[in-house]
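Fold and contact review
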Amino acid sequence: MALVAVSLILGRHIHIGGSTYAGTMAENYIEPYSWFDAIAFICIFFVLILAERTISQIALTYCSKAKTVPPKKISSIPLKPFLMASAIVLALWLPYLLTYWPGLIFGDTLSSFNQMFSGTLSNHHPVAFTLAMKLCVQIATAIGFGRTTGIALYTITQMSFMALCFGYLSVWFIERLSIRKHFVWLPVALFGLSPYIAAYSIALWKDPVFSCCICMISTLLADAVLSEKGITSRLKTVSLCFFSLIAMLFRNNGAYIVLALILLLAVASIVIHVRKKSLRYVSILLPLCISLVAYGVISGPAYSALHVTPTEKVESLGIPLNQMARVAALNGDMSDSDRAYMNSLLPLDQYKDKYRPTCTDMLKWDPEFNAEPLNNDFWSHWVSMLIRNPRVYFEAWEMQTFGYWTVNVPAAALHTTNIDGGVPRNVHPEHEIGFDIASHNLLGSETFRIALPLSSYSISGGMVFWILIAACLILIRYKKWQWMLPLLPLLLLYGTLFVASPIWYWPRYIFAAQLAIPVVIVLVYRAVFDSKSTGTPDSR
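Structural notes, computed from the coordinates. (Residues numbered from 1 in each chain as written. Predicted model: local features only at pLDDT ≥ 70, side-chain atom pairs only at ≥ 80, totals over all residues. Heavy atoms only, no water.)

**Side note on the pattern of salt bridges**
Summed over the entire model, instances satisfying the criterion amount to 15 salt bridges. With a shortest N-O distance of 3.0 Å, Asp366 and Lys354 are connected by a salt bridge. Placement of the pair is Asp366 in the loop between helix H16 (361–364) and helix H17 (378–388) and Lys354 in helix H15 (residues 351–354), with a sequence separation of 12 residues. When sorted by exposure, Asp366 lands in the same class as Lys354, which is buried. Between Glu368 and Lys354 there is a salt bridge, with its nearest N and O atoms 3.6 Å apart. You can see Glu368 sitting in the loop between H16 and H17 and its partner Lys354 sitting in helix H15, a full 14 residues away along the chain. A relative accessible area of 43% places Glu368 in the partly exposed class. Taken together, the shared-partner salt bridges in this structure form one network comprising Asp108, Lys206, Asp207, Arg251 and Arg508. (Salt bridge = Lys/Arg side-chain N within 4 Å of Asp/Glu carboxyl O. Helix = DSSP H or I, 4+ residues; strand = E, 2+ residues; numbered from the N terminus. Buried < 20%, exposed > 50% of the residue type's maximum accessible area, 1.4 Å probe, protein only.)

Here it is in structure tokens:
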């Protein structure tokens, strides 16, 4: 509760008066704090405590009066409803594809196109994503079609994969809550008719596939803890391995998520073994480890054989670099060595004009920025400047991550430009596509583009983050410590953004956590009702 109160106080002082991408320090800044904030913190803290107690009491009362308890047995997902749900979701998305054929093309997509047709590969945009599109283009051209059709083939493949994930999630949600089966049309309609999700299904980014994989990992882990026996099905074991590998190949932070998950599970398995609990962590660790080894082979020897250029170091230093740049822009406390180092990156007198509080891109892409020194003694200078300027560092971190943890900054809470933020060439003809690839509206009338918007609201990243934290607290309250396992991939996703986000907020970076809200609901619901049957809630 204290952290929520702090986030509300911090969010209240974040002022966004200009572009969140290119806004300067004069436009986007932190307003001064006052004694009123201390009073506000105390009031907010006690209101939150009271609200939490009230909600908990209502939940306990409801559970005591409920007539049914969800069965403990974790049944398999019936194939026919799963396939039908997937087919309906895919059909509901088709108008988007036909309107924005062959799929939404962004600047990032063009970078992959350039690699596909030049033969020079770079892991800046994951090679697996680029090669998957290239394969589809090769298939299309081999049977007499053009490149545009090849890109459409990739989009259809992506849509089909996502539809299968959403179809499974829809049926899984109904089954795990023991709701009448005909209500499955509710999540199916939500996933199929949501403009936010439909636009994602045709977005030629690596994020849609990556996000679905992370969501499915959480779903599989949820079944593992609900059954209390780990993963016992061979199909689920293979699925966990597959989704983990694809997640790592389609986004660079996927490897960090899987690695951290393995380490946490290894520690937990030791503790669980000592306490002689029943959850078989080895059944979860094994497929994760296999996928990590496979990823190491692919991203190592295989990529070397393909002469893949590694991701630039600056891409993983977004927040630390901006922290140092903020110190230089404010003429903060630096040693002579620090000043010389910062000057080697960019002339010191230019930081004030070129530092952007909410995004690193404008700095690292500046023609005069020299990334070479980042390979030498970066962290020693980062620590040196941190010791001298801790408050400035924290403010820089706030301004570059607030969209992921605040709920009261309008720029984040009311954010709708997820797709538009990528400047899709389909609706911005002033930006050329090239490569003999063209966008068409196959439905003809522009009315369809009005009816099928690319700007739409979604639950903010900050709200989703606190939902995850609240779910963890509820699981702890009901003594379901192991049930937090399915939430770990989502929290680790946030963790990668808290330390290396290139921009203050973009919904596509936390799409997986938004998708996994049904998993959170199932875990909390089952924790509350299982406590009814076992009589073991902690009702403090």
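Right, picking up where we left off after that structure.
**Details of the side chain of Ser456**
Along the chain, Ser456 falls in the loop between helix H20 (447–451) and helix H21 (461–477). A residue is classified by how much of its surface remains accessible, and Ser456, at 13% relative accessible area, is buried. Within the structure, Ser456 has its side chain in polar contact with the backbone nitrogen of Tyr196 (distance 3.3 Å). (Polar contact = N/O pair within 3.5 Å; in protein donor to acceptor, adjacent residues only side chain to side chain.)

**Some remarks on the environment of Cys241**
Within the fold, Cys241 resides in helix H10 (residues 234–250). Cys241 sits in the buried class, given a relative accessible area of 18%. Sequence separation of Cys241 and Ile284 is 43 residues, and the distance between their C-alpha atoms is 9.3 Å. Leaving out residues up to four positions away in the same chain, Cys241 has contacts with Pro287, Ile290 and Ser291. (Contact = heavy atoms within 4.5 Å.)

**Topic: H17**
Along H17, the residues classified as buried are Phe378, His381, Trp382, Ser384 and Met385. Each buried residue of H17 sits inside an arc of 165 degrees when the element is viewed along its axis, so together they form one side. Each element contacted by the buried residues of H17 is listed here: helix H13 (318–329), helix H14 (336–345) and helix H18 (390–401). (Arc of directions from axis to C-beta.)

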